[in-house]
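Observations on chain architecture
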Amino acid sequence: MVVVGAPAFLIGGRYWVGDVDRSDALVRFRAAGRAAARSVAGLPEPGVYRYRTTGGERISFLDYHRRYSSTTMRIVTRHGCGVRESQWFLVQHLEYYDRCGGRLVGYGTDIAYWWTHGTQDFVCGGPASFDGAGLAPGERSRWECRDSDTRAAQLVERLGDEVVVVGGLSMPARHTRWTTVFSGATVGTATVEDWFDPASSLVLEESRRIGLRVGSVFVGKVDYVDVSDFTLLSLRPDR
């Protein structure tokens, strides 16, 4: 059984992938209830946002590449002292960001390969600016996040003010670079450039370059790479 089952497990796992589309995301948003739809001043309006997406992720085990959905969904809900932004890259890849004012108070991931989930849940400390609000161009903000076995040293730099196009509309954007250096069970660096709406701090564009070495219950240590880019399709969320 083991000899026969292992190839089927590996082959089936390679094609285990699915998209979260607009209707799926709306079901998830509405299931959170009326309280989750309440607005928070200075943060993105709750609802479902759609992003044109290119790129994807790779792990070294079997040199497996997986492209992200061409349109990915970000679900914003009221949470704690601010909002939670849940980004669905695929059914098998979720990331969440808990924001309170200009701070990132926690974030986490759930990434699955071959029916095996790898999760991280970070708690962040300090009054530092995550979205560049309150920073002048060239200024930096530092803080630290931790989960049970990994330390994540954070650095955000405000690079300047630029203009981006969303749904055919040119609008100002606050350009930042967010660098995370991981140590412990996960090691490596994640560099994410964001362009935020100055009024709501909604992510208008994002560019990710991530290289990590992570532990897997199934195959031990593997290398993980994410190279991807995201552009918001509409300022108005679906609800």
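See the structure above.
Below is a short write-up of the structure. Residue positions are counted from 1 within each chain, in the order its sequence is given. This being a predicted model, a pLDDT of at least 70 is required before a residue's local features are given, and a value of 80 or more before pairs of side-chain atoms are given or counted; all residues contribute to the totals for chains, interfaces and linings. Based on all heavy atoms of the structure, the side-chain values leave hydrogens and waters out of the count.

1. Some remarks on empty space enclosed by the protein
Buriedness for pockets is judged along seven lines, at least five of which must meet protein on both sides within 12 Å for an open set on the 1 Å grid over protein atoms alone, while cavities are sets there where a 1.4 Å probe fits but cannot get out, and lining residues have an atom within 4 Å of a point. Grid points are joined across faces, edges and corners, and a volume is the space filled by probe spheres set on the points. Per the stated rule, a full pass over the model turns up one cavity of 30 Å³ or more. Each pocket or cavity is described by its volume, and for the largest cavity that value is around 70 Å³. Each residue belonging to the lining of the largest cavity can be placed in one class, and the counts come to six nonpolar, no polar and six charged. Each residue receives one of three labels: charged for Asp, Glu, Lys and Arg, nonpolar for Ala, Val, Leu, Ile, Met, Phe, Trp, Tyr, Cys and Pro, and polar for the others, Gly being one of them.

2. Structural notes on unusual backbone geometry
At Leu62, a position not held by glycine, the phi torsion is positive, near 60°. In this description a helix means any DSSP run of H or I spanning at least four residues, a strand means any run of E spanning at least two, and both kinds are numbered starting from the N terminus. Checked against the element boundaries, Leu62 lands in the loop between strand 1 (47-59) and strand 2 (64-67). Positive phi, normally seen in glycine, also occurs at Ser201, with a value near 60°. Using a 1.4 Å probe on the protein chains alone, a residue whose accessible area is under 20% of its type maximum counts as buried, one over 50% counts as exposed, and one in between counts as partly exposed. Given the relative accessible area of 4%, Ser201 is considered buried.

3. Details of the pattern of salt bridges
Close approach of charged atoms allows side chains of opposite charge to pair. A carboxyl oxygen of Asp or Glu within 4 Å of a side-chain nitrogen of Lys or Arg is what we treat as a salt bridge. Applying the stated criterion across every chain, the model contains 20 salt bridges. Note that Arg84 is salt-bridged to Asp98, the shortest N-O span being 2.6 Å. With Arg84 in strand 4 (residues 82-90) and Asp98 in strand 5 (residues 93-100), the pair connects residues that are 14 residues apart, well separated along the chain. The partly exposed category is assigned to Arg84, whose relative accessible area is 24%. Between Arg208 and Asp226 there is a salt bridge; the shortest N-O distance is 2.9 Å.

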